[in-house]
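Given next are the chains, with one letter for each unit.
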Amino acid sequence: MPQYEFDNRNFSFRKVTLSVWTVVRRVVRWVVGSMTLAVVYYLVLSLFVRTDTERQLAQENRMYARLYPKMQEQMALVGDVVEDLRIRDDAIYNQVFHTKAPSVNPGRSLEMLPDTVSERNVVALVEQKADRLTQTASRVESDFLALSALLAARKGNMPPMSLPIEGLTYAQFGASVGLKISPYYKVAVQHSGLDLIAGQGEAVLATAAGTVSEVTHSGKGLGNVVTIDHGGGCTTRYAHLADILVSKGQKVSRGRKIASVGISGNSFAPHLHYEVLQDGVPQDPVNYFFASLSPGDYADVVYMSVSTEQSLD
């Protein structure tokens, strides 16, 4: 719409004409003012007004901030368990086979072929690799011969590496060897075996071939107990039994049913108290189960036995 102004000298109205720069300045002021107002609105909405999604995200962030320290502690614990597993596995392998445990990836000791090889060096490179493979094959063959000789010297006797109860899940593994809280005295006492939670009457199996060296019937302590001598100073003990199906001096094979799970003696609930002794010294029975479980199940079993702080006897 055109604008007019009054001319005092001529006493008349005249049309106002705007210069280009005047129009540009007005447009710039309008744009700057609009942008400033939009920024102000945005700041007000972002700082003082929150949507439902923002409130939910803020609540989740606070929850994660509380959980993060606990997750760090759990990750550190898992790392310690994995490292402890590696050390124990190496020790068990050395104890059983009297040799160093093999590498996880034996092939990594061999250098990989380069991407490109000059023609004049390819023969020398192939000869070098062939020599290394021959040496590796010879070393593996000698290791197998040494293992065969050791197994033959043992006359077929193997360590107790099978489970004393079939079908166990990791949730059925309780406290293992070490200081554990007694359910009766509520104080930490030395626990010399592994508690395996099972229903009363379930079959208890010999974990290796051997000779029954002792059978005890008692209403106190470990209750009804069967002890099997596996030779080489290794014995296993099965306690809190119900029915006992073997007698002293009897030879048993691995997997033979020797008794059933009970609640005899000082037992807080039906379970099997299982011990492994080497030259009379209690060992952690979990360390002998690596051959009967998958790596994942074995890791879960170790975690459960270490984490359980209270025994059942």
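Since this is a predicted model, take the numbers as computed values, not measurements.

Tallying secondary structure elements over the protein chain gives four helices and 13 strands in all. When burial is assessed residue by residue, the protein chain has 27% of its 313 residues classed as buried. Taking as baseline every contact in the protein chain between residues at least 6 positions apart, the subset at least 24 positions apart corresponds to 62%. Carbon and sulfur atoms make up 59% of the accessible area of the protein chain, which totals about 20,900 Å².

For the rest of this paragraph, the subject is the side chain of Asn 224. Locating Asn 224 in the fold gives a position in strand S8 (residues 224–229). On the basis of relative accessibility, which here comes to 12%, the residue Asn 224 falls in the buried class. A polar side-chain atom of Asn 224 sits 3.2 Å from the main-chain amide nitrogen of Ser 218. Every residue in contact with Asn 224, bar those within four places of it in the chain, is listed here: Thr 216, His 217, Ser 218, Tyr 238, Ala 239, His 240, Leu 241, Ala 242, Ile 244 and Ser 264.

Quick look at the environment of Leu 272 now. Its place among the elements puts Leu 272 in strand S12 (residues 271–278). Exposure remark for Leu 272: the relative accessible area of 0% places this residue in the buried category.

The predicted model of the protein chain has a mean per-residue pLDDT of 81, with 77% of residues at 70 or higher. This stretch, residues 104–113, has a pLDDT under 50; its non-local contacts, to residues over four places away or in other chains, come to nine contacts.

Its identity as a non-glycine residue notwithstanding, Lys 186 has a phi of 60°, on the positive side. If you trace the backbone, Lys 186 turns up in the loop between strand S3 (178–181) and strand S4 (188–191).

Next up on the list: the packing of aromatic side chains. If you walk through the whole model with that rule in mind, you get four aromatic pairs. Their ring planes at 45° and their centres at 5.3 Å tell us that Tyr 238 and Tyr 274 sit as a pair that is tilted. With Tyr 238 in strand S9 (residues 234–244) and Tyr 274 in strand S12, this pair connects stretches of sequence that are 36 residues apart. Exposure remark for Tyr 238: the relative accessible area of 0% places this residue in the buried category. On the accessibility criterion, Tyr 274 (0% relative accessible area) is buried. A ring pair is formed by Tyr 274 and Phe 289, whose centres lie 6.2 Å apart and whose planes are at 15°; its orientation type is stacked. In this pair, Tyr 274 sits in strand S12 while Phe 289 sits in the loop between strand S13 (281–283) and helix H4 (295–307), placing the two residues 15 residues apart along the sequence. One exposure class covers both Tyr 274 and Phe 289, and it is buried.

On the surface, Leu 37, Val 39, Val 40, Tyr 41, Tyr 42, Leu 43, Val 44, Leu 47 and Phe 48 cluster together to form a nonpolar patch covering roughly 960 Å² of accessible area. Here Val 39 is to be found in helix H1 (residues 20–48). For Val 39, a relative accessible area of 47% gives the class partly exposed.

What follows covers the nonpolar core. Residues Val 226, Tyr 238 and Ile 258 are the most contacted members of the largest nonpolar core, which totals 33 residues. Those elements giving two or more residues to this core turn out to be helix H2 (52–97), strand S5 (194–197), S8, S9, strand S11 (257–261), S12 and H4. Top contributing element to this core by residue count: S9, with four residues.

Bringing the pattern of salt bridges into the picture now. Across all of its chains, the model carries one salt bridge by this definition. Its salt-bridge partner being Glu 275, residue Arg 237 comes within 3.1 Å of it at the nearest N-O pair. Of this pair, Arg 237 sits in strand S9 while Glu 275 is found in strand S12, placing the two residues 38 residues apart along the sequence.

Once that is clear, we can look at H4. Look at H4: 18 Å from first C-alpha to last across 13 residues, which is about the 18 Å you get at 1.5 Å a residue. Residues of H4 that are buried: Tyr 298, Val 301, Val 302 and Ser 305. Angularly, the buried residues of H4 cover 100° about the axis, an arc narrow enough to put them on a single face.

Cut-off values and rules
Residues numbered from 1 in each chain as written. Predicted model: local features only at pLDDT ≥ 70, side-chain atom pairs only at ≥ 80, totals over all residues. Heavy atoms only, no water. Helix = DSSP H or I, 4+ residues; strand = E, 2+ residues; numbered from the N terminus. Buried < 20%, exposed > 50% of the residue type's maximum accessible area, 1.4 Å probe, protein only. Contact = heavy atoms within 4.5 Å. Areas by Shrake-Rupley, 256 points an atom, 1.4 Å probe, with all protein chains shown as cover. Polar contact = N/O pair within 3.5 Å; in protein donor to acceptor, adjacent residues only side chain to side chain. pLDDT = per-residue confidence, 0-100. Phe/Tyr/Trp six-rings, centres within 6.5 Å; stacked < 30°, edge-to-face > 60°. Patch = residues over 30% accessible without salt bridge, like charges linked within 9 Å, V, L, I, M, F, W, Y side chains within 5 Å. Salt bridge = Lys/Arg side-chain N within 4 Å of Asp/Glu carboxyl O. Core = buried A, V, L, I, M, F, W, Y, C linked by side-chain atoms within 4.5 Å. Expected span 1.5 Å × (residues − 1). Arc of directions from axis to C-beta.

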